[in-house]
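# Chains, contacts and geometry: an overview
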Amino acid sequence: MKKSLAILLTFGLIATSLSGCGNGTNTNTGSKSASTAGSAAKTNSASKTSGSTTASSGNTDGEQVVLKVFDAHAYGLDEYAEMVKAFEESHPGVKIDVQHSSNDYKATLQSRINSGDAPDVFDAQAGTDAKSYYDYAYDWTNDTEVTSKFRKEALALGTVDGKVMSLPWTYENMGLLYNVDVFEKAGIKTLPTTMDELEAVCEKLKAAGVTPIALAAKETWVLGQTATHFMMDKSLDAAGTVEAVESGKLKFADMPHWKNLFRFLDLAKKYGTEKPLEVDWETSENLLANGKAGIIHMGDWCQSTLDSFNKDARIAFLPFPVGSGEKDATLLSACNWTYIVNKDSKHLDLAKEYLEYILTSDKGQYWMCDGIGAVPGVKTDREIKGELANDAAKYIAAGKTNGWIHTIAPANYSDSVGPVLQSYMLGETTAEAATETIQEFWTAN
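Residues numbered from 1 in each chain as written. Predicted model: local features only at pLDDT ≥ 70, side-chain atom pairs only at ≥ 80, totals over all residues. Heavy atoms only, no water.

From N to C terminus, the protein chain includes 19 helices and 15 strands. Looking at the protein chain residue by residue over its 445 residues, the buried ones come to 60%. Put simply, of all contacts in the protein chain between residues at least 6 apart along the chain, 78% involve residues at least 24 apart. As presented, the protein chain carries roughly 17100 Å² of accessible surface, and 48% of it is formed by carbon and sulfur atoms. (Helix = DSSP H or I, 4+ residues; strand = E, 2+ residues; numbered from the N terminus. Buried < 20%, exposed > 50% of the residue type's maximum accessible area, 1.4 Å probe, protein only. Contact = heavy atoms within 4.5 Å. Areas by Shrake-Rupley, 256 points an atom, 1.4 Å probe, with all protein chains shown as cover.)

Turning our attention to the packing of helix H15 (residues 348-360) against helix H16 (residues 362-372). For the pair H15 and H16, interaxial distance at closest approach is 5 Å and the crossing angle is 50 degrees. By the angle between their directions, the pair H15 and H16 is classed as oblique. Touching Tyr357, Ile358, Leu359 and Thr360 of H15 are Asp362, Lys363, Gly364, Gln365, Trp367 and Met368, all from H16. Of the residues in the contact of H15 with H16, the class split is five nonpolar, three polar and two charged. (Axes fitted to C-alpha atoms, helices over the stretch in contact; angles between N-to-C directions. Parallel < 35°, antiparallel > 145°, perpendicular 65-115°, else oblique. Nonpolar A, V, L, I, M, F, W, Y, C, P; charged D, E, K, R; others polar.)

A few words now on helix H12 (residues 258-270). Side chains three or four residues apart in an α-helix point the same way, a direct result of the helix having 3.6 residues per turn. Taking 1.5 Å per residue as the helical rise, H12 with its 13 residues ought to reach 18 Å, and the 19 Å between its terminal C-alpha atoms agrees with that figure. For H12, the set of buried residues is Trp258, Leu261, Phe262, Phe264, Leu265, Leu267 and Ala268. For H12, the secondary structure elements touched by its buried residues are strand E9 (170-179), helix H9 (195-207), strand E10 (211-213), helix H10 (220-231), helix H18 (413-425) and helix H19 (431-444). (Expected span 1.5 Å × (residues − 1).)

The subject of this paragraph is the environment of glycine 377. Mapped onto the elements, glycine 377 comes out in the loop between strand E15 (375-376) and helix H17 (387-397). On the basis of relative accessibility, which here comes to 0%, the residue glycine 377 falls in the buried class. Sequence separation of glycine 377 and asparagine 336 is 41 residues, and the distance between their C-alpha atoms is 9.7 Å.

The next thing to look at is unusual backbone geometry. Peptide bonds are trans in most cases, and residues, glycine excluded, mostly fall at negative phi. With a phi close to 50 degrees, aspartate 161 is a non-glycine residue in the positive phi region. Note on placement: aspartate 161 falls in the loop between strand E6 (159-160) and strand E7 (163-164). Overall, aspartate 161 belongs to the exposed group, its relative accessible area being 76%. Even without being glycine, asparagine 412 reaches a positive phi, approximately 65 degrees. For asparagine 412, the location among the structural elements is in the loop between H17 and H18. Here asparagine 412 falls in the partly exposed class, since its relative accessible area comes to 40%.

Let us now look at the packing of aromatic side chains. The description of an aromatic ring pair rests on the distance of the ring centres and on the angle between the ring planes. Tallying each qualifying case throughout the model produces 17 aromatic pairs. When the centroid spacing of 5.2 Å and the interplanar angle of 90 degrees are considered together, the rings of tyrosine 138 and tryptophan 140 count as edge-to-face. In this pair, the class of tyrosine 138 matches that of tryptophan 140, namely buried. An aromatic cluster of at least three residues, connected via ring pairs, comprises Phe252, Trp258, Phe262, Tyr413, Tyr424 and Trp442. Sitting over the face of the ring of tryptophan 140, lysine 352 holds its NZ or CZ atom 5.9 Å from the ring centroid. (Phe/Tyr/Trp six-rings, centres within 6.5 Å; stacked < 30°, edge-to-face > 60°. Lys NZ or Arg CZ within 6 Å of the ring centre and 35° of its normal.)

Now for the pattern of salt bridges. Counted under the stated rule, the structure contains 15 salt bridges. Of the charged contacts in the structure, one is a salt bridge between arginine 382 and aspartate 370, with a shortest N-O distance of 3.0 Å. Of the two residues, arginine 382 is situated in the loop between E15 and H17 and aspartate 370 in helix H16; the sequence distance between them amounts to 12 residues. A residue is classified by how much of its surface remains accessible, and arginine 382, at 27% relative accessible area, is partly exposed. Take aspartate 370: its relative accessible area is 24%, and that puts it in the partly exposed class. Lysine 394 serves as the salt-bridge partner of aspartate 391, at 3.0 Å between the closest nitrogen and oxygen. Of the two residues, aspartate 391 and lysine 394 are both situated in helix H17; the distance of three residues between them amounts to about one turn of the helix. Look at aspartate 391 and you get buried, because its relative accessible area is 9%. When salt bridges with common partners are traced through the structure, they connect Asp196, Glu199, Arg263 and Lys270 into a single cluster. (Salt bridge = Lys/Arg side-chain N within 4 Å of Asp/Glu carboxyl O.)

On to the packing of H10 against H18. One way to put it is that H10 packs onto H18 with a least axis distance of 7 Å and a crossing angle of 90 degrees. Considering the angle they form, H10 stands roughly perpendicular to H18. Across the interface between the two elements, Thr220, Trp221, Leu223, Gly224, Gln225, Ala227, Thr228 and Met231 from H10 touch Tyr413, Ser414, Asp415, Gly418, Pro419, Leu421, Gln422 and Met425 from H18. Its residues assigned to classes, the contact of H10 with H18 shows eight nonpolar, seven polar and one charged.

The next point concerns the pairing of strand E14 (residues 337-341). Among the five residues in E14, five count as buried, and that is most of the element. In the sheet, strand E5 (residues 121-125) pairs with E14 via five bridges, with the strands oriented antiparallel. Bridge pairing in E14 places glutamine 125 opposite tryptophan 337. Inspection of the sheet shows strand E8 (residues 167-168) paired to E14 by two bridges, in the antiparallel sense. Each residue of the ladder has a partner; that of proline 168, found in E14, is threonine 338. (Pairing = 2+ DSSP bridges.)

Attention now moves to H19. With 14 residues, H19 extends 20 Å from end C-alpha to end C-alpha; this agrees with the ideal 20 Å at 1.5 Å per step. For H19, every residue scored as buried is listed here: Ala431, Ala434, Thr435, Ile438, Gln439, Phe441 and Trp442. What you see down the axis of H19 is that its buried residues fit within an arc of 160 degrees, all on one side. Counted as exposed and oriented over 90 degrees from the buried face of H19: Glu432, Thr443 and Ala444. Taken together, the buried residues of H19 touch H10, helix H11 (237-247), H12 and H18. (Arc of directions from axis to C-beta.)

So this is what it looks like as C-alpha coordinates:
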(Lines give C-alpha, C1' and ligand atoms only; values in the text may rest on other atoms or scores of the structure.)
Protein backbone atom coordinates (compact mmCIF):
# COMPACT_ATOMS: atom_id res chain seq x y z
CA MET A 1 0.00 0.00 0.00
CA LYS A 2 1.32 3.44 -0.90
CA LYS A 3 0.58 6.84 0.56
CA SER A 4 -0.43 9.66 -1.77
CA LEU A 5 -0.57 13.40 -1.16
CA ALA A 6 -4.01 13.06 0.36
CA ILE A 7 -2.67 10.79 3.05
CA LEU A 8 0.34 13.01 3.61
CA LEU A 9 -1.95 15.96 4.15
CA THR A 10 -3.67 13.96 6.85
CA PHE A 11 -0.39 13.98 8.75
CA GLY A 12 -0.21 17.73 8.41
CA LEU A 13 -3.73 18.17 9.76
CA ILE A 14 -3.10 16.11 12.86
CA ALA A 15 0.44 17.22 13.53
CA THR A 16 -0.65 20.21 15.61
CA SER A 17 -1.49 17.78 18.39
CA LEU A 18 1.92 16.15 18.25
CA SER A 19 4.34 17.12 20.97
CA GLY A 20 7.71 16.07 19.62
CA CYS A 21 9.31 12.80 18.75
CA GLY A 22 12.13 10.41 19.36
CA ASN A 23 13.67 7.54 17.59
CA GLY A 24 15.81 5.66 20.02
CA THR A 25 17.85 3.38 17.87
CA ASN A 26 20.95 1.86 19.36
CA THR A 27 24.05 1.65 17.20
CA ASN A 28 27.76 1.73 17.98
CA THR A 29 29.99 4.27 16.28
CA GLY A 30 32.35 3.05 13.58
CA SER A 31 33.44 4.03 10.10
CA LYS A 32 32.26 3.41 6.56
CA SER A 33 33.13 4.90 3.18
CA ALA A 34 30.34 6.29 1.06
CA SER A 35 32.02 4.95 -2.03
CA THR A 36 31.42 1.38 -0.90
CA ALA A 37 28.46 1.63 1.50
CA GLY A 38 25.87 1.92 -1.26
CA SER A 39 26.64 -1.57 -2.59
CA ALA A 40 25.56 -3.14 0.68
CA ALA A 41 21.89 -2.45 -0.08
CA LYS A 42 19.68 -3.07 2.97
CA THR A 43 22.21 -5.12 4.93
CA ASN A 44 24.02 -2.18 6.46
CA SER A 45 20.75 -0.54 7.47
CA ALA A 46 20.36 -3.26 10.08
CA SER A 47 23.97 -3.19 11.21
CA LYS A 48 24.79 -2.26 14.78
CA THR A 49 27.97 -0.54 13.60
CA SER A 50 27.97 2.51 11.36
CA GLY A 51 29.88 5.71 11.15
CA SER A 52 31.98 8.05 9.05
CA THR A 53 30.68 8.34 5.51
CA THR A 54 33.18 10.02 3.19
CA ALA A 55 33.91 10.26 -0.52
CA SER A 56 36.07 13.28 -1.22
CA SER A 57 36.84 15.03 -4.46
CA GLY A 58 39.59 17.57 -4.92
CA ASN A 59 39.38 21.09 -6.37
CA THR A 60 41.72 22.97 -8.67
CA ASP A 61 43.87 24.52 -5.93
CA GLY A 62 44.27 21.26 -4.05
CA GLU A 63 42.47 22.47 -0.92
CA GLN A 64 39.68 20.47 0.64
CA VAL A 65 36.76 21.62 2.76
CA VAL A 66 35.61 19.11 5.38
CA LEU A 67 32.03 19.48 6.61
CA LYS A 68 31.48 17.62 9.88
CA VAL A 69 28.06 16.03 10.29
CA PHE A 70 26.63 14.09 13.24
CA ASP A 71 23.64 11.90 12.53
CA ALA A 72 21.95 9.89 15.28
CA HIS A 73 20.32 7.24 13.09
CA ALA A 74 20.82 3.56 12.33
CA TYR A 75 18.31 3.28 9.50
CA GLY A 76 18.48 4.10 5.80
CA LEU A 77 22.28 4.25 5.88
CA ASP A 78 22.79 3.04 2.34
CA GLU A 79 20.48 5.67 0.90
CA TYR A 80 22.22 8.25 3.08
CA ALA A 81 25.58 7.20 1.66
CA GLU A 82 24.26 7.63 -1.88
CA MET A 83 23.02 11.08 -0.94
CA VAL A 84 26.40 12.12 0.49
CA LYS A 85 28.21 10.86 -2.59
CA ALA A 86 25.92 12.83 -4.89
CA PHE A 87 26.43 16.01 -2.86
CA GLU A 88 30.19 15.64 -2.92
CA GLU A 89 30.24 14.97 -6.65
CA SER A 90 28.36 18.22 -7.21
CA HIS A 91 30.74 20.08 -4.86
CA PRO A 92 34.35 19.39 -5.95
CA GLY A 93 36.78 19.84 -3.08
CA VAL A 94 34.13 19.15 -0.41
CA LYS A 95 34.28 16.14 1.88
CA ILE A 96 31.27 15.27 4.05
CA ASP A 97 32.49 13.56 7.22
CA VAL A 98 29.44 11.88 8.78
CA GLN A 99 29.39 10.16 12.15
CA HIS A 100 26.34 7.92 12.50
CA SER A 101 26.01 7.28 16.24
CA SER A 102 22.63 6.39 17.68
CA ASN A 103 24.09 4.46 20.59
CA ASP A 104 23.89 6.98 23.44
CA TYR A 105 23.86 9.78 20.90
CA LYS A 106 23.49 12.50 23.55
CA ALA A 107 26.70 11.57 25.37
CA THR A 108 28.60 11.22 22.09
CA LEU A 109 27.36 14.54 20.72
CA GLN A 110 27.97 16.40 23.97
CA SER A 111 31.47 14.95 24.19
CA ARG A 112 32.27 16.33 20.75
CA ILE A 113 30.91 19.74 21.65
CA ASN A 114 32.81 19.80 24.96
CA SER A 115 36.06 18.83 23.23
CA GLY A 116 35.79 21.61 20.68
CA ASP A 117 34.87 19.25 17.85
CA ALA A 118 31.29 20.49 17.43
CA PRO A 119 29.71 19.26 14.18
CA ASP A 120 28.70 21.74 11.50
CA VAL A 121 25.36 19.94 11.17
CA PHE A 122 23.76 17.62 13.73
CA ASP A 123 20.39 16.31 14.84
CA ALA A 124 18.64 15.84 18.16
CA GLN A 125 15.30 14.59 19.39
CA ALA A 126 12.67 17.28 18.97
CA GLY A 127 11.57 18.72 22.28
CA THR A 128 13.65 18.76 25.46
CA ASP A 129 16.87 17.50 23.87
CA ALA A 130 16.86 19.81 20.87
CA LYS A 131 16.16 22.90 22.98
CA SER A 132 19.31 22.22 25.00
CA TYR A 133 21.35 22.82 21.82
CA TYR A 134 19.62 25.95 20.56
CA ASP A 135 22.36 28.18 21.97
CA TYR A 136 24.54 26.68 19.21
CA ALA A 137 21.86 26.82 16.53
CA TYR A 138 21.63 28.95 13.42
CA ASP A 139 18.34 30.88 13.27
CA TRP A 140 16.45 30.02 10.07
CA THR A 141 13.63 32.50 10.65
CA ASN A 142 14.55 34.82 7.79
CA ASP A 143 15.43 32.00 5.36
CA THR A 144 11.85 31.81 4.17
CA GLU A 145 12.76 30.19 0.84
CA VAL A 146 13.92 27.20 2.89
CA THR A 147 11.38 27.19 5.71
CA SER A 148 8.46 27.48 3.28
CA LYS A 149 9.33 24.01 1.95
CA PHE A 150 8.29 22.37 5.23
CA ARG A 151 4.90 21.52 6.65
CA LYS A 152 3.90 24.28 9.03
CA GLU A 153 3.09 21.89 11.86
CA ALA A 154 6.39 20.01 11.50
CA LEU A 155 8.38 23.26 11.39
CA ALA A 156 6.67 24.40 14.59
CA LEU A 157 8.43 21.63 16.51
CA GLY A 158 11.74 23.44 16.01
CA THR A 159 10.34 26.92 16.60
CA VAL A 160 10.83 28.76 19.91
CA ASP A 161 9.45 32.23 20.58
CA GLY A 162 8.79 32.63 16.88
CA LYS A 163 12.35 31.71 15.86
CA VAL A 164 13.01 28.67 13.67
CA MET A 165 16.01 27.06 15.36
CA SER A 166 15.96 23.65 13.67
CA LEU A 167 14.44 21.84 10.69
CA PRO A 168 12.28 18.68 10.96
CA TRP A 169 13.11 15.20 9.71
CA THR A 170 10.23 12.67 9.50
CA TYR A 171 7.00 11.76 11.20
CA GLU A 172 7.17 8.50 13.13
CA ASN A 173 4.68 6.24 14.81
CA MET A 174 5.19 3.71 17.59
CA GLY A 175 3.30 1.04 19.46
CA LEU A 176 3.30 -2.72 19.46
CA LEU A 177 4.20 -4.31 16.13
CA TYR A 178 2.96 -7.78 15.20
CA ASN A 179 3.71 -10.32 12.51
CA VAL A 180 0.50 -10.72 10.51
CA ASP A 181 1.37 -14.18 9.15
CA VAL A 182 2.25 -15.46 12.62
CA PHE A 183 -1.08 -14.22 14.01
CA GLU A 184 -2.99 -15.85 11.18
CA LYS A 185 -1.20 -19.18 11.61
CA ALA A 186 -1.96 -19.08 15.33
CA GLY A 187 -5.65 -18.54 14.57
CA ILE A 188 -5.74 -15.00 15.98
CA LYS A 189 -8.45 -13.11 14.11
CA THR A 190 -8.94 -10.09 16.38
CA LEU A 191 -6.34 -7.74 17.80
CA PRO A 192 -6.31 -7.60 21.61
CA THR A 193 -7.63 -4.43 23.23
CA THR A 194 -7.08 -5.31 26.92
CA MET A 195 -4.34 -6.97 28.95
CA ASP A 196 -6.53 -10.05 29.42
CA GLU A 197 -6.97 -10.32 25.67
CA LEU A 198 -3.23 -9.75 25.15
CA GLU A 199 -2.43 -12.64 27.49
CA ALA A 200 -4.90 -14.86 25.63
CA VAL A 201 -3.10 -13.97 22.38
CA CYS A 202 0.21 -14.85 24.00
CA GLU A 203 -1.14 -18.28 24.92
CA LYS A 204 -2.17 -18.91 21.31
CA LEU A 205 1.20 -17.78 20.00
CA LYS A 206 3.00 -19.97 22.52
CA ALA A 207 0.88 -22.95 21.48
CA ALA A 208 1.85 -22.25 17.87
CA GLY A 209 5.52 -22.56 18.82
CA VAL A 210 6.30 -18.85 18.58
CA THR A 211 7.83 -16.54 21.21
CA PRO A 212 4.82 -14.32 21.93
CA ILE A 213 6.64 -11.12 23.00
CA ALA A 214 10.23 -10.19 22.16
CA LEU A 215 10.48 -6.91 24.04
CA ALA A 216 13.92 -5.31 23.62
CA ALA A 217 14.27 -5.01 27.39
CA LYS A 218 18.05 -4.62 27.17
CA GLU A 219 17.41 -1.14 25.79
CA THR A 220 16.49 1.48 28.39
CA TRP A 221 15.03 3.68 25.64
CA VAL A 222 12.60 0.94 24.59
CA LEU A 223 11.34 0.53 28.14
CA GLY A 224 11.10 4.29 28.59
CA GLN A 225 9.04 4.65 25.42
CA THR A 226 6.89 1.67 26.38
CA ALA A 227 6.04 3.31 29.71
CA THR A 228 4.68 6.44 28.03
CA HIS A 229 1.73 4.52 26.59
CA PHE A 230 0.57 3.85 30.13
CA MET A 231 0.99 7.50 31.18
CA MET A 232 -1.13 9.01 28.43
CA ASP A 233 -4.30 10.87 29.33
CA LYS A 234 -6.00 10.98 25.94
CA SER A 235 -8.15 13.95 26.94
CA LEU A 236 -4.95 15.96 27.51
CA ASP A 237 -2.70 14.39 24.84
CA ALA A 238 1.07 14.30 25.37
CA ALA A 239 1.78 17.94 26.22
CA GLY A 240 -1.19 18.14 28.56
CA THR A 241 -0.23 14.91 30.31
CA VAL A 242 3.34 16.13 30.85
CA GLU A 243 2.06 19.47 32.15
CA ALA A 244 -0.28 17.71 34.57
CA VAL A 245 2.56 15.57 35.93
CA GLU A 246 4.91 18.55 36.22
CA SER A 247 2.30 20.62 38.04
CA GLY A 248 1.61 17.83 40.50
CA LYS A 249 -2.00 17.47 39.40
CA LEU A 250 -1.30 13.94 38.14
CA LYS A 251 0.72 11.40 40.10
CA PHE A 252 2.05 8.21 38.56
CA ALA A 253 0.31 6.07 41.17
CA ASP A 254 -3.01 7.66 40.20
CA MET A 255 -2.69 7.23 36.44
CA PRO A 256 -5.60 4.98 35.37
CA HIS A 257 -3.47 2.60 33.27
CA TRP A 258 -0.11 2.80 35.05
CA LYS A 259 -0.47 -0.49 36.93
CA ASN A 260 -0.95 -2.26 33.61
CA LEU A 261 2.60 -1.29 32.67
CA PHE A 262 3.88 -3.77 35.22
CA ARG A 263 1.43 -6.38 34.08
CA PHE A 264 2.75 -5.96 30.55
CA LEU A 265 6.34 -6.32 31.77
CA ASP A 266 5.25 -9.49 33.57
CA LEU A 267 3.81 -10.80 30.30
CA ALA A 268 7.03 -9.88 28.49
CA LYS A 269 8.93 -12.02 30.99
CA LYS A 270 6.48 -14.90 31.06
CA TYR A 271 6.04 -15.06 27.29
CA GLY A 272 9.41 -13.73 26.21
CA THR A 273 12.74 -15.29 25.40
CA GLU A 274 14.65 -17.27 28.01
CA LYS A 275 16.63 -14.14 28.94
CA PRO A 276 14.40 -11.18 27.98
CA LEU A 277 16.77 -8.55 29.36
CA GLU A 278 19.42 -9.67 26.89
CA VAL A 279 17.21 -8.88 23.89
CA ASP A 280 18.38 -5.72 22.09
CA TRP A 281 16.55 -3.76 19.41
CA GLU A 282 18.12 -5.59 16.48
CA THR A 283 17.37 -9.03 17.94
CA SER A 284 13.74 -8.15 18.60
CA GLU A 285 13.27 -6.89 15.03
CA ASN A 286 14.98 -9.97 13.60
CA LEU A 287 12.77 -12.32 15.58
CA LEU A 288 9.63 -10.48 14.50
CA ALA A 289 10.54 -10.25 10.81
CA ASN A 290 11.45 -13.93 10.59
CA GLY A 291 8.30 -15.14 12.32
CA LYS A 292 10.06 -16.34 15.46
CA ALA A 293 8.24 -13.79 17.61
CA GLY A 294 4.71 -12.46 17.41
CA ILE A 295 4.96 -9.03 19.06
CA ILE A 296 7.58 -6.37 19.81
CA HIS A 297 7.47 -2.71 20.83
CA MET A 298 8.97 -0.45 18.20
CA GLY A 299 8.12 2.19 15.60
CA ASP A 300 7.95 2.49 11.85
CA TRP A 301 11.49 3.87 11.84
CA CYS A 302 12.66 0.25 11.78
CA GLN A 303 11.00 -0.51 8.43
CA SER A 304 14.27 -0.75 6.50
CA THR A 305 15.78 -3.11 9.08
CA LEU A 306 12.73 -5.35 9.07
CA ASP A 307 12.94 -5.42 5.27
CA SER A 308 16.61 -6.34 5.42
CA PHE A 309 15.82 -9.31 7.68
CA ASN A 310 12.85 -10.49 5.62
CA LYS A 311 11.54 -8.40 2.74
CA ASP A 312 8.41 -10.56 2.56
CA ALA A 313 7.42 -10.16 6.21
CA ARG A 314 4.00 -8.66 6.81
CA ILE A 315 4.30 -6.43 9.86
CA ALA A 316 1.56 -4.14 11.18
CA PHE A 317 0.75 -1.96 14.16
CA LEU A 318 -1.07 -3.26 17.21
CA PRO A 319 -2.30 -0.25 19.23
CA PHE A 320 -1.08 -0.81 22.78
CA PRO A 321 -3.94 -2.36 24.82
CA VAL A 322 -3.18 -0.37 27.97
CA GLY A 323 -6.66 -0.14 29.45
CA SER A 324 -10.20 -1.49 29.41
CA GLY A 325 -10.82 -1.55 25.69
CA GLU A 326 -10.18 -0.18 22.24
CA LYS A 327 -10.85 3.43 23.29
CA ASP A 328 -7.85 3.28 25.63
CA ALA A 329 -5.46 1.59 23.20
CA THR A 330 -2.62 3.85 22.09
CA LEU A 331 -0.59 4.44 18.96
CA LEU A 332 1.77 7.37 19.41
CA SER A 333 2.78 9.64 16.53
CA ALA A 334 5.07 12.66 16.19
CA CYS A 335 7.79 14.34 14.13
CA ASN A 336 10.66 12.89 16.05
CA TRP A 337 13.99 14.41 15.07
CA THR A 338 15.13 17.87 14.16
CA TYR A 339 18.35 19.05 12.47
CA ILE A 340 20.52 21.94 13.64
CA VAL A 341 23.17 23.94 11.82
CA ASN A 342 26.00 25.15 14.06
CA LYS A 343 25.84 28.95 13.89
CA ASP A 344 29.60 29.12 14.52
CA SER A 345 30.50 26.76 11.68
CA LYS A 346 33.52 27.88 9.65
CA HIS A 347 31.54 26.76 6.61
CA LEU A 348 28.13 28.15 7.55
CA ASP A 349 26.76 28.61 4.04
CA LEU A 350 27.86 25.12 3.03
CA ALA A 351 26.35 23.65 6.21
CA LYS A 352 23.04 25.37 5.47
CA GLU A 353 23.12 24.13 1.88
CA TYR A 354 23.88 20.57 2.98
CA LEU A 355 21.02 20.49 5.50
CA GLU A 356 18.58 21.89 2.97
CA TYR A 357 19.81 19.24 0.53
CA ILE A 358 19.35 16.19 2.78
CA LEU A 359 15.89 17.31 3.92
CA THR A 360 14.33 18.78 0.77
CA SER A 361 16.09 17.56 -2.38
CA ASP A 362 14.97 14.60 -4.49
CA LYS A 363 17.85 12.59 -3.02
CA GLY A 364 16.84 13.59 0.48
CA GLN A 365 13.24 12.62 -0.10
CA TYR A 366 14.39 9.31 -1.55
CA TRP A 367 16.34 8.72 1.69
CA MET A 368 13.33 9.49 3.88
CA CYS A 369 10.45 8.09 1.80
CA ASP A 370 12.15 5.04 0.28
CA GLY A 371 15.15 4.33 2.52
CA ILE A 372 13.44 5.00 5.84
CA GLY A 373 9.90 4.49 4.57
CA ALA A 374 8.58 7.45 6.54
CA VAL A 375 6.62 10.65 5.93
CA PRO A 376 9.05 13.60 5.78
CA GLY A 377 8.55 16.96 7.46
CA VAL A 378 9.09 18.65 4.09
CA LYS A 379 6.10 19.14 1.82
CA THR A 380 6.02 16.36 -0.77
CA ASP A 381 3.71 14.32 -2.94
CA ARG A 382 6.22 11.48 -3.13
CA GLU A 383 4.80 8.05 -2.32
CA ILE A 384 5.95 6.47 0.93
CA LYS A 385 7.50 3.02 0.68
CA GLY A 386 7.10 1.92 4.29
CA GLU A 387 4.20 -0.45 4.93
CA LEU A 388 4.18 0.47 8.62
CA ALA A 389 3.91 4.18 7.88
CA ASN A 390 1.00 3.41 5.60
CA ASP A 391 -0.60 1.17 8.20
CA ALA A 392 -0.32 3.95 10.78
CA ALA A 393 -2.06 6.33 8.40
CA LYS A 394 -5.44 4.67 8.97
CA TYR A 395 -5.18 5.27 12.72
CA ILE A 396 -4.04 8.86 12.17
CA ALA A 397 -6.87 9.54 9.74
CA ALA A 398 -9.35 8.17 12.28
CA GLY A 399 -7.95 10.41 15.04
CA LYS A 400 -6.72 7.43 17.04
CA THR A 401 -3.17 8.57 17.76
CA ASN A 402 -1.57 10.73 20.42
CA GLY A 403 1.69 12.63 20.68
CA TRP A 404 4.99 11.52 22.19
CA ILE A 405 5.70 12.02 25.87
CA HIS A 406 9.31 10.86 26.19
CA THR A 407 10.72 13.65 24.03
CA ILE A 408 9.12 16.40 26.14
CA ALA A 409 9.71 14.68 29.46
CA PRO A 410 12.54 15.83 31.77
CA ALA A 411 16.05 15.41 30.41
CA ASN A 412 17.47 11.87 30.63
CA TYR A 413 13.96 10.42 30.95
CA SER A 414 14.65 7.06 29.29
CA ASP A 415 18.09 6.73 30.86
CA SER A 416 16.49 7.19 34.27
CA VAL A 417 13.17 5.34 33.86
CA GLY A 418 14.47 2.43 31.76
CA PRO A 419 16.85 1.04 34.41
CA VAL A 420 14.08 1.19 37.03
CA LEU A 421 11.86 -0.96 34.83
CA GLN A 422 14.74 -3.33 34.13
CA SER A 423 15.19 -3.66 37.89
CA TYR A 424 11.51 -4.56 38.19
CA MET A 425 11.81 -7.23 35.48
CA LEU A 426 14.81 -8.68 37.33
CA GLY A 427 12.76 -8.91 40.53
CA GLU A 428 14.99 -6.40 42.30
CA THR A 429 12.20 -3.92 43.05
CA THR A 430 8.42 -3.90 43.33
CA ALA A 431 5.92 -2.10 41.14
CA GLU A 432 5.14 0.25 44.02
CA ALA A 433 8.80 1.06 44.67
CA ALA A 434 9.48 1.51 40.95
CA THR A 435 6.54 3.89 40.69
CA GLU A 436 7.80 5.92 43.61
CA THR A 437 11.31 6.12 42.12
CA ILE A 438 9.96 7.32 38.78
CA GLN A 439 7.78 9.89 40.51
CA GLU A 440 10.80 11.17 42.45
CA PHE A 441 12.84 11.45 39.25
CA TRP A 442 10.13 13.46 37.52
CA THR A 443 9.52 15.72 40.52
CA ALA A 444 13.24 16.43 40.92
CA ASN A 445 13.61 17.44 37.30
